[in-house]
Amino acid sequence: MKQKSKTSRFIEYLEILKGCRDRGALAALRRGLGSVPGSTPEMHPYIARWAHGEPTRWREDVYYLVASLFAYHPQSWHRSDEAGPTNLGASFACIAKDKDNDSSGSDSVENRFMILLTVPREDLHLHLRHAISLLKTREQSVDWTQLLDDLKFWGHEDGWVQRNWARAFWGWGAPEDSNSDANA
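First things first, this report covers the structure right here in the doc. Because the structure is a prediction, the values reported are computed rather than measured. (Residues numbered from 1 in each chain as written. Predicted model: local features only at pLDDT ≥ 70, side-chain atom pairs only at ≥ 80, totals over all residues. Heavy atoms only, no water.)

### As for unusual backbone geometry
Excluding glycine, most residues fall at negative phi; most peptide bonds, likewise, are trans.
Part 1 of the argument: The phi dihedral of arginine 21 falls on the positive side, at around 55 degrees, and the residue is not glycine.
Part 2 of the argument: Counting through the fold element by element, arginine 21 comes out in the loop between helix H1 (6–19) and helix H2 (23–30).
Part 3 of the argument: A relative accessible area of 65% places arginine 21 in the exposed class. (Helix = DSSP H or I, 4+ residues; strand = E, 2+ residues; numbered from the N terminus. Buried < 20%, exposed > 50% of the residue type's maximum accessible area, 1.4 Å probe, protein only.)

Below, the structure is given as structure tokens:
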């Protein structure tokens, strides 16, 4: 039997808080929205034991960041829901494709997404708050486990997280479709 990762167990813990309707815990976690991750004392009782032992300060901070975002929009996109990617790029692709619920235009969604891809670590908490707010407004799920795993490596020198998100966002159309546009 395969053992679950620490990341998966952490997201399950957040899901339990949501399922128990622990309003006090979720409110404490939401207090971290817009703050530098790890700087909101009310979050420590819920997050410190999970962040402990991570090899870098950034990787500790990611637990605080994801917990505050989850508490704000606890709609989870579970891996079993889809066969393709479920990273944040895929979540953004879903709202960009949704013409019925598209009051701000898919170009606006694409522009927001492109900006998100370029954000440095130190500003990521602010931009992710806005990104998750948009997803919440559109009732789009987030794969929180994938997001936590991805953010641990945000700013990696070869940018593989951003490339994976970009593939999930722009790669949803068939390759033939883009070739026919180029040949027109």
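Moving on from the model shown.
### Describing the pattern of salt bridges
Part 1 of the argument: Counted according to the given criterion, the structure contains six salt bridges.
Part 2 of the argument: By sharing partners, the salt bridges in this structure join Lys6, Glu54, Arg59 and Lys152 into a single network. (Salt bridge = Lys/Arg side-chain N within 4 Å of Asp/Glu carboxyl O.)

### Observations concerning the side chain of histidine 73
Part 1 of the argument: By secondary structure assignment, the location of histidine 73 is in the loop between helix H4 (57–72) and helix H5 (88–97).
Part 2 of the argument: Here histidine 73 falls in the buried class, since its relative accessible area comes to 4%.
Part 3 of the argument: When near neighbours in sequence (up to four residues on either side) are disregarded, histidine 73 contacts Ile132, Leu135, Lys136, Gln140, Val142 and Trp144. (Contact = heavy atoms within 4.5 Å.)

### Comments concerning the environment of aspartate 98
Part 1 of the argument: Secondary-structure assignment places aspartate 98 in the loop between H5 and helix H6 (106–118).
Part 2 of the argument: Taking the C-alpha atoms as reference points, aspartate 98 and arginine 138, separated by 40 residues in sequence, lie 9.3 Å from one another.

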